Amino acid sequence: MVADCYRREASINQALPPQIPAPRLQWMEEHDGWVVLGIDAVDSGRLPATPWRADELTATLNAYTITAEALSTPPASLQHVGLRPVGDDGDFAEWRNLARGATPTDVLPAWMPLGLLDVLGSLESGWREAVAGHAVLHHDLRQDNVLIDASGAAWICDWNWPCLGASWFDLVLLLATAYADGHDATSLFTQHPTGRGVADEQLDAALAALSGFFLTSGGQPPADWSPHIRQHQTWCGEVALRWLADRRGWAF
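What comes next concerns the included structure. None of the values given here were measured: they were computed from a predicted structure.

### Looking at the nonpolar core
Line of reasoning, step 1. In terms of nonpolar packing, the biggest core is built from 69 residues, with Leu-78, Trp-95, Trp-168, Phe-169 and Val-172 touching the most fellow members.
Line of reasoning, step 2. Among the elements that take part in this core, helix α8 (residues 200-218) stands out by supplying nine residues, more than any other.
Line of reasoning, step 3. Excluding its chain neighbours within four sequence positions, the residues that come into contact with Trp-168 are Ala-130, Val-131, Phe-189, Thr-194, Gly-195, Val-198, Gln-202, Leu-203 and Ala-206.
Line of reasoning, step 4. Core analysis: the second largest hydrophobic core is formed by five residues, Ala-10, Leu-25, Val-35 and Leu-37 among them.

Below you can see the structure in the form of structure tokens.
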């Protein structure tokens with residue numbers, strides 16, 4: 001139930017360490033199955049500009065630096081919410097399923113080079129080991145889950161899906177959107193405190209896993225609960241795959 005997601009968010013929000021730049025819950029009301037959360041307003045808060053502006057992307061990466069440091073190990077305040085390892089509820093196996101015929105390739109966009117399925121499946125198979133860790137992840141760090149305030153600082157919102165893993169995994173999809181807007185995503189990743197020391201194969205495994213998940217999800221029938229979700233998923237999958245292709249020297 002959606003209401004359960006809001007109840008969980010309320011519990012998580014109240015347990016976040018105080019230094020994390022996240023708007024805080026002030027009150028919660030429930031009535032007849034409805035849940036309403038009253039969360040602090042961000043001063044002149046707005047979504048980051050599209051395409052990404054360099055200053056707002058930097059502010060968001062700085063906000064995540066603070067967040068990742070505070071959540072490098074699960075604080076006692078968060079342990080009661082039942083954090084599980086990333087992927088504990090399922091595997092990223094979409095490229096492998098496509099390569100062996102378990103999933104029909106017609107779910108993929110027409111531009112997708114099917115000759116890459118085997119190599120993508122091989123990369124994807126290493127994702128779980130690549131992103132293993134004990135840090136608390138936001139696990140939904142997207143451009144539309146960030147607010148920029150009047151001073152230009154970034155706030156990380158919508159703490160619905162935290163889990164345990166390597167802190168840098170949160171950066172992958174965020175920086176894929178930056179790659180789509182012409183930023184040097186690989187340099188931004190390697191320069192970020194959470195990305196330092198991460199091997200190329202680890203990042204590529206994460207990009208393979210996310211691109212397969214989003215592209216196959218985007219090929220599913222329309223969802224009545226979100227009429228634009230399939231388009232968004234396909235776009236996320238494409239930008240992750242094109243960043244991976246650029247890193248690997250693939251042309252398509």
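Still to come is the rest of the account.
### Structural notes on the packing of helix α6 (residues 169-180) against helix α9 (residues 229-248)
Line of reasoning, step 1. The N-to-C vectors of α6 and α9 enclose an angle of 80 degrees; their axes lie 9 Å apart at closest approach. With respect to α9, the axis of α6 lies roughly perpendicular. Of the residues in α9, those in contact with Val-172, Leu-173, Leu-175, Ala-176, Thr-177, Tyr-179 and Ala-180 of α6 are Trp-235, Cys-236, Val-239, Ala-240, Arg-242, Trp-243 and Asp-246.
Line of reasoning, step 2. In the contact of α6 with α9, the residues fall into eleven nonpolar, one polar and two charged.

### A word on the packing of aromatic side chains
Each pair of aromatic rings is reported with the distance of its centres and the angle of its planes.
Line of reasoning, step 1. Scanning the entire structure with this criterion turns up six aromatic pairs.
Line of reasoning, step 2. Taken together, a centroid distance of 6.0 Å and an interplanar angle of 0 degrees make the contact between Trp-111 and Phe-252 stacked. Here the residue Trp-111 occupies a position in the loop between α3 (94-99) and α4 (117-124), and Phe-252 occupies one in the segment after α9, the gap between them amounting to 141 residues.
Line of reasoning, step 3. Judged by centre distance (6.4 Å) and plane angle (85 degrees), the ring pair of Trp-168 and Phe-169 falls under edge-to-face. For the pair Trp-168 and Phe-169, a shared accessibility class is recorded, and that class is buried.
Line of reasoning, step 4. By the ring-pair criterion, three or more aromatic residues cluster together here, those being Phe-92, Trp-127, Phe-213 and Phe-214.
Line of reasoning, step 5. Above the ring of Trp-111, the side-chain terminus of Arg-242 is found at 4.8 Å from the ring centroid.

Each value, and the rule that gives it
Residues numbered from 1 in each chain as written. Predicted model: local features only at pLDDT ≥ 70, side-chain atom pairs only at ≥ 80, totals over all residues. Heavy atoms only, no water. Core = buried A, V, L, I, M, F, W, Y, C linked by side-chain atoms within 4.5 Å. Buried < 20%, exposed > 50% of the residue type's maximum accessible area, 1.4 Å probe, protein only. Helix = DSSP H or I, 4+ residues; strand = E, 2+ residues; numbered from the N terminus. Contact = heavy atoms within 4.5 Å. Axes fitted to C-alpha atoms, helices over the stretch in contact; angles between N-to-C directions. Parallel < 35°, antiparallel > 145°, perpendicular 65-115°, else oblique. Nonpolar A, V, L, I, M, F, W, Y, C, P; charged D, E, K, R; others polar. Phe/Tyr/Trp six-rings, centres within 6.5 Å; stacked < 30°, edge-to-face > 60°. Lys NZ or Arg CZ within 6 Å of the ring centre and 35° of its normal.

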